[in-house]
Amino acid sequence: MSGASRLRLMLRDLGAGAAFASMAVSGQLPAWTLLLFGLALGSALMGWRIFAQRTKATAALLLGVAGVLAFSVYAGSTDLVVASCAFAGLIAGHRLLSTPEPRTDGQVQLAGLLMVAGGAALSGELAFALCLVAFCVLASLSMGLSVVEGAVPPGEPVPVRAVMRPLGLGIFFAVCGAAAFFLLFPRLNWNMAARRSAPGLGATTGLADTVRLGGEGTLKSNPRVVLRAQLTPDPLQERLDAYWLARTYDTFDGQEWTSIGQPKRSRQRVTLRHGGEQSIHQRIELLPAYGATTLVALETPTRLGNALAHSATGSQRTSLTEMGGGEVRFQTPGIAYSYEATSLPPGADTTTPMSEAERGQLLALPDRLDPRVAALAQRVLEGEKEPVAAARKLAAFLQREYSYTLELSGDVEEPLVDFLFVRKAGHCEHFATALTLLLRTQGISARLASGFFGGERVEEGYVVRAGDAHAWTHVLTPGRGFVTVDATPPANRASQSLAVLEFLTGLYEALETRWRSTVVDFSLRDQMQMAQSLVRPPRGPRRDSTRLPPARVWGLAIAAGLVTYSVWQLFSRRLSAPKPHQATHLADAVEHLLGEAGVRMREGEALEEFTSRLTREQPTLAAPLVPLTRRYLEARFGQRPLQPGEAERLLSPLRRVLQTRRAS
Amino acid sequence: MNPPVRALVAAPTVDAARQIMERIAAHLSRVVQGKEAQARLTVTSVVAGGHVLLEDVPGVGKTTLAEALARACGLSFSRIQFTADLMPTDILGSQVFHAASATFTFRQGPLFRQLVLADELNRAPPRTQSALLEGMAHGQVSLDGATWPLPAPFTVVATQNPVDLTGTYPLPDSQLDRFLMRLSLGHPAPDVEARLLTTRGRTPPVEALEAVTGPEELLSLRAFAAELRMDDAVAEYIVRLAQATREHGDIERGASTRAVLAVGGAARAQALWEGRDFVTPGDVRAVLVPCLAHRLMLRSNVQGAVAREEASHLLEELARKVVAPR
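Only a predicted model underlies this, so the values are computations on that prediction, with no experimental measurement involved.

Colleague: Explanation requested: the overall build of chain B in the structure shown.
Modeller: Broken down by element type, chain B carries 13 helices and eleven strands. For chain B, buried positions account for 53% of its 326 residues. Taking as baseline every contact in chain B between residues at least 6 positions apart, the subset at least 24 positions apart corresponds to 78%. Only carbon and sulfur atoms are counted for the fraction: they give 53% of the accessible area of chain B, which is about 14,000 Å².

Have a look at this one:
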């Protein structure tokens, strides 16, 4: 296979990869389809067309896969759109591994188009747009190269370099034009009334029904944003350092925490406890990175409601289900959610409604708890009985005597004992579990709370990252309800990802947010509104005095005109600039080589004059230089172009002479 | 003696053309020793179909060079000494009345030769200079309402003394523009002069030179040279150089369009010396000063040798500044 054909196939395969990625970035495709397509693409890029011999037989595999997908749709475990997209990807993968012939090329490109359409159905985010552009560019280059290959007679070399440049330039302009068209012209949105869903790169964290101690804490270094919130009143702090409660656990069996609470009824709005005068209102958006159905709110949540579940097919209202332990879940599955919540300021909770069973569970200990735990608590507390004071004393002890680490390997039989008496190091779950259990041994009611700790100010609101996931202790205090006491050393509570990674992730997410608000969700209505706001004269007491648009419109128009003119000038200058002749590169190479050897041209000296002078002054250079210069002149001014590789052949004697000179 | 090269007429090639040019130049160098560069430029000018202005003090070999050129090329030759009282008819010829037949017949003047040496051209009055001008420009003369063609190839080698300007009529710009090149022989180097003394007897006299080519072949050579390839970039380079002379602060009037054509023609002939059938920027530079220096009118209003020097320097400076195509 010729080099041109290999390049065409590689571009085609990479284009299919980009099209598949446009679906994959939604995070909704089943993992096994990702794996299969990845294998197919990798094999195709390596040139292993393993289905080439048995195309029809292997196509039967697709029928099997289609059956599996159809069954999963029927069973309700997979969405129909997602299943269709996954199947399109598998068809493309099958084609990639078949015989590379023009018919297959067309099928791969068609499958690519289907996948891009599928990607548009699954998500409309920045990553999708980038994949779409990559597919367009790669597929167009591949098709252009295919046309050129077809036009060249068999046996003749395909002028790849000569055609790739104009092809690339043409595609660049086409992409710019398409982008301008997409951005400037009004378009119909999928859902004129509501915002699009906001799926991203898939779930990276979530809250399980249980909390199991042990294992490595990789979550702490994940900078993905999982939650955006706008608070009223806004505390106006750069770092909020607040506890965002998701759920609580009351039962510990020595290995993991669970909750005995049973699901209660489902409603549009859930009231957990009475609100107060100082309630904090939150408008929260849970991003796909969260990947769980539990609502998160500032401590201590009182009411949650007005929830919208965003999915590939749009947004819809969802009911909320109240679980035991104050947990509230979305009923409708979605990729992302938005809702409102109100919370009491920390320490203001006085009315926590609990069942007797729940209340009794707050003092429960595992069946076989090491007696050293109780002894340790007793020793540290020295008779302190007041719950909050005791909890703070124990927390201070833990922070002082125990170290924080995310490097815990291997499961142990009794993780709490291992933490307290063996390793003496752990992460937030260990500290919170230890504090809770130590308190319980002394008859003080306590439970484990999990959620997030942090809140970083971004523009008008706050963001919480996956790395902010945290666990802490709730101490039940008579008359005050649950009081938060955190045993984890303060420095290790919030996200511990690298600053630069956090910055880059923040940048990407800011871009994505901007993309969503200004492009994806920028519907015809938004554009009309913006145009009207620009053209409409400013409202004021003298609004009838003029019907002309405000000055900023004129300013904007002038600025746009200037920018357009400048860009046009720049492009026209670039395009009209003479391109260096093919032979000029040879002259440049000669000048460069001689320059490196310390032999330089004089001001305004042409290569032939330079050669004449060197022939007189340095006769050793004449032998390689004279024929080279003569050939350069023929190629440059005598219309006898250099043959492929000829320049290098002409230069090599000069290189040898210069090397000899250098060595001597 | 070398036999005349006749190959060019049958099948013009670059090598045959260069061979002829080399032989002519070798002949010139035999009688005007130590002036090889000027000899080659003279041949270049003749091959390009141009006239040559030799500007120098007397006694450096100008006449010898012209005569040797005529002999080497096998051209008919005449020498006209221009003086203040020389009339146009003295060079053009005149109508003679034949009483027997009561008719006038035209008696050709010395201009009716293939190579004319116009010695000390600037001493003749303007009317006579103008009579020469028509011959140089159009290859014909007009007298009493009738025109007579001059023999082809028609070439003028004129001389003038740039120092002794007393009682002379400086050539008008239009006439200077008709000369393809202005050359200066200058005094020979001391060693060459010494050799002249010692080898006086053995230096071949001009009369002893034999033709290495003929008028027919010279015309063919000219046609061949005029057809040599010139790349657009080289043509544009010549125009840029001319434009630079027009925009230079020290130059009152820069190169004319005729000058641009002259440089192009001379550069084509120059390319033959290198055995090439195409023109390079180097060819252009090689003929730039001899083709343009005498056509520039400088603001300093200097005359003679000083003007010649200054114009040459300005052109060399421009050749360095105007970027050649590469």
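After presenting the structure, the write-up continues.
Colleague: Help me understand the confidence of the model for chain A, please; the structure alone is not making it clear to me.
Modeller: It should be kept in mind that the predicted coordinates are not to be read in detail where pLDDT is low. Per-residue pLDDT for chain A has a mean of 81; in total, 86% of the residues score no lower than 70. Contacts from residues 186-206 of chain A, a stretch scored under 50 in pLDDT, to residues over four places away or in other chains number 71 contacts.

Colleague: It is not clear to me how the interface of chain A and chain B should be interpreted in this structure. Could you clarify?
Modeller: By a frequent convention, interface size equals the accessible area lost on bringing the separate parts together. Counting residues at the interface gives 19 residues for chain A, matched by 18 residues for chain B. With both sides pooled, the region where chain A packs onto chain B buries about 1,500 Å², and carbon together with sulfur makes up 44% of that total. Summed over the three residues of chain A that lose the most area to chain B, namely Glu 608, Arg 630 and Phe 637 of chain A, the buried surface amounts to 34% of that side. At the surface where chain A touches chain B, the tally comes to six salt bridges. The partner of Glu 591 of chain A in a salt bridge is Arg 326 of chain B, and the shortest N-O contact between them spans 2.7 Å. At the boundary of chain A with chain B, the tally comes to twelve residue pairs in polar contact (both at pLDDT 80 or more). Within the residue set of the side of chain A that touches chain B, elements represented by two or more residues are helix H16 (582-596), helix H17 (607-617) and helix H18 (619-637) of chain A. Sorting elements by how many residues they give to the side of chain A that touches chain B places H18 of chain A first, with six residues. Tallied by class, the residues present in the side of chain A that touches chain B amount to six nonpolar, four polar and nine charged.

Colleague: Would you explain the UniProt feature "transmembrane region" (unreviewed entry) in chain A in this entry?
Modeller: Residues and elements named next belong to chain A. As recorded in UniProt, the feature "transmembrane region" (unreviewed entry) lies at residues 31-51, 58-75, 110-143, 163-185 and 551-571. From the first C-alpha to the last, residues 31-51 spans 23 Å; its make-up is 76% helix and 0% strand. Taken as a whole, residues 551-571 contains 100% helix and 0% strand, while its terminal C-alpha atoms sit 30 Å from one another.

Colleague: Teacher, can you tell me more about the pairing of strand S19 (residues 469-477) of chain A here?
Modeller: Each regular strand shows side chains that alternate between the opposite faces of the sheet. All names here are of chain A. S19 sits mainly inside the fold: nine of its nine residues count as buried. Across seven bridges, the pairing between strand S17 (residues 446-458) and S19 is antiparallel. The residue of S19 that forms the bridge with Leu 448 is Thr 473. Both S19 and strand S20 (residues 481-485) contribute to a ladder of five bridges, which runs antiparallel. Residue pairing for S20: Thr 473 is matched across the bridge by Val 485. Between S19 and S20, which pair antiparallel one after the other, the connecting turn spans three residues, and Gly 479 there sits at a positive phi close to 85°.

Colleague: How do you make sense of helix H11 (residues 257-273) of chain B when you look at a structure like this?
Modeller: An α-helix turns once every 3.6 residues. As a result, residues three or four positions apart point the same way. Residues and elements named next belong to chain B. With 17 residues, H11 should cover 24 Å at 1.5 Å per step; its first-to-last C-alpha distance of 25 Å lies within 8% of that length. Of all the 17 residues making up H11, twelve are buried; the element is thus mostly covered by neighbouring parts of the structure. Three or more residues of H11 are buried, namely Ala 259, Val 260, Ala 262, Val 263, Gly 264, Ala 266, Ala 267, Ala 269, Gln 270, Ala 271, Leu 272 and Trp 273. Close packing links the buried residues of H11 with helix H2 (14-31), helix H3 (36-47), strand S9 (179-183), helix H9 (215-226), helix H10 (232-247) and helix H12 (281-292).

Colleague: Which parts of the structure should I look at to understand the side chain of Arg 247 of chain A?
Modeller: Assignment of secondary structure puts Arg 247 of chain A in strand S3 (residues 239-249). Polar contacts involving the side chain of Arg 247 of chain A include one to the side chain of Glu 327 of chain A, which spans 3.1 Å.

Colleague: Looking at this structure, how should I read the packing of aromatic side chains?
Modeller: Under the definition given, this model contains 16 aromatic pairs over all chains. Geometrically, the ring pair formed by Phe 419 of chain A and Phe 431 of chain A is edge-to-face, given 5.1 Å between the ring centres and 70° between the ring planes. In this pair, Phe 419 of chain A is assigned in helix H11 (residues 415-423) and Phe 431 of chain A in helix H12 (residues 428-441), connecting sequence segments twelve residues apart. Members of the aromatic cluster, joined through ring pairs, are Phe 397, Tyr 402, Tyr 404, Phe 419 and Phe 431 of chain A. Above the plane of the ring of Phe 278 of chain B lies Arg 276 of chain B, whose end atom (NZ or CZ) is 5.6 Å from the centre.

Colleague: Help me understand the nonpolar core in this model?
Modeller: By size, the foremost hydrophobic cluster in this structure holds 99 residues, and its most contacted members are Leu 594 and Leu 654 of chain A together with Leu 272 and Val 284 of chain B. No other element matches the ten residues that H11 of chain B contributes to this core. Once you skip the residues sitting within four places of it in the chain, Leu 594 of chain A turns out to touch Val 599, Phe 610, Leu 614, Leu 621, Leu 625, Leu 654 and Leu 658 of chain A. Val 211, Tyr 249, Trp 257 and Tyr 402 of chain A belong to the second-largest nonpolar core, a separate cluster that totals 37 residues.

Colleague: I would appreciate a short explanation of the sheet that holds strand S4 (residues 251-252) of chain A in the present structure.
Modeller: Residues and elements named next belong to chain A. A sheet is described by the order of its strands in space; here three strands give the open sequence S1-S5-S4, paired in antiparallel fashion. One side of each edge strand has no neighbouring strand; the edge strands of this open sheet are strand S1 (211-212) and S4. Pairing analysis gives two bridges linking S1 to strand S5 (residues 256-258), with the strands arranged antiparallel. Considered in S5, the bridge of Val 211 is made with Trp 257. Together, S1, S4 and S5 form the strand contacts of H12, whose direction differs from that of S5 by roughly 70°.

Colleague: I would appreciate a short explanation of the pattern of salt bridges in the present structure.
Modeller: Pairs can form between side chains of opposite charge once their charged atoms are near each other. All names here are of chain A. Counted by the stated rule, this structure contains 38 salt bridges over all chains. With its nearest N and O atoms 2.9 Å apart, the salt bridge here joins Arg 267 to Glu 322. One end of the pair, Arg 267, is in strand S6 (residues 266-267); the other, Glu 322, is in strand S12 (residues 320-322), with 55 residues separating them in the sequence. Residue Arg 267 shares its accessibility class with Glu 322, and that shared class is buried. A salt bridge links Glu 646 to Arg 631; the shortest N-O distance between them is 2.6 Å. One end of the pair, Glu 646, is in helix H19 (residues 646-663); the other, Arg 631, is in helix H18, and 15 residues separate them in sequence. The same class applies to Glu 646 and to Arg 631, which are both buried. Salt bridges linked by common partners bring Arg 8, Arg 12, Asp 13, Arg 49, Asp 105 and Glu 149 together as one network.

Colleague: Help me understand the pairing of strand S18 (residues 461-465) of chain A in this model?
Modeller: Residues and elements named next belong to chain A. Of all five residues in S18, five are buried, a share of seventy percent or more. Alternating residues of S18 divide into Gly 461, Val 463 and Arg 465 and Tyr 462 and Val 464, and every residue in both groups is buried. Of the strand pairs in this sheet, S17 and S18 are connected by three bridges, and their pairing is antiparallel. The partner of Val 458 across the bridge, within S18, is Gly 461. Two successive antiparallel strands, S17 and S18, enclose a turn made up of two residues, where Glu 459 displays a positive phi of approximately 50°.

About the criteria used
Residues numbered from 1 in each chain as written. Chains lettered and ligands numbered in written order. Predicted model: local features only at pLDDT ≥ 70, side-chain atom pairs only at ≥ 80, totals over all residues. Heavy atoms only, no water. Helix = DSSP H or I, 4+ residues; strand = E, 2+ residues; numbered from the N terminus. Buried < 20%, exposed > 50% of the residue type's maximum accessible area, 1.4 Å probe, protein only. Contact = heavy atoms within 4.5 Å. Areas by Shrake-Rupley, 256 points an atom, 1.4 Å probe, with all protein chains shown as cover. pLDDT = per-residue confidence, 0-100. Buried area = accessible area lost by both parts, 1.4 Å probe. Salt bridge = Lys/Arg side-chain N within 4 Å of Asp/Glu carboxyl O. Polar contact = N/O pair within 3.5 Å; in protein donor to acceptor, adjacent residues only side chain to side chain. Nonpolar A, V, L, I, M, F, W, Y, C, P; charged D, E, K, R; others polar. UniProt positions renumbered as here; feature names shortened; annotations may be inferred. Pairing = 2+ DSSP bridges. Expected span 1.5 Å × (residues − 1). Phe/Tyr/Trp six-rings, centres within 6.5 Å; stacked < 30°, edge-to-face > 60°. Lys NZ or Arg CZ within 6 Å of the ring centre and 35° of its normal. Core = buried A, V, L, I, M, F, W, Y, C linked by side-chain atoms within 4.5 Å. Axes fitted to C-alpha atoms, helices over the stretch in contact; angles between N-to-C directions.

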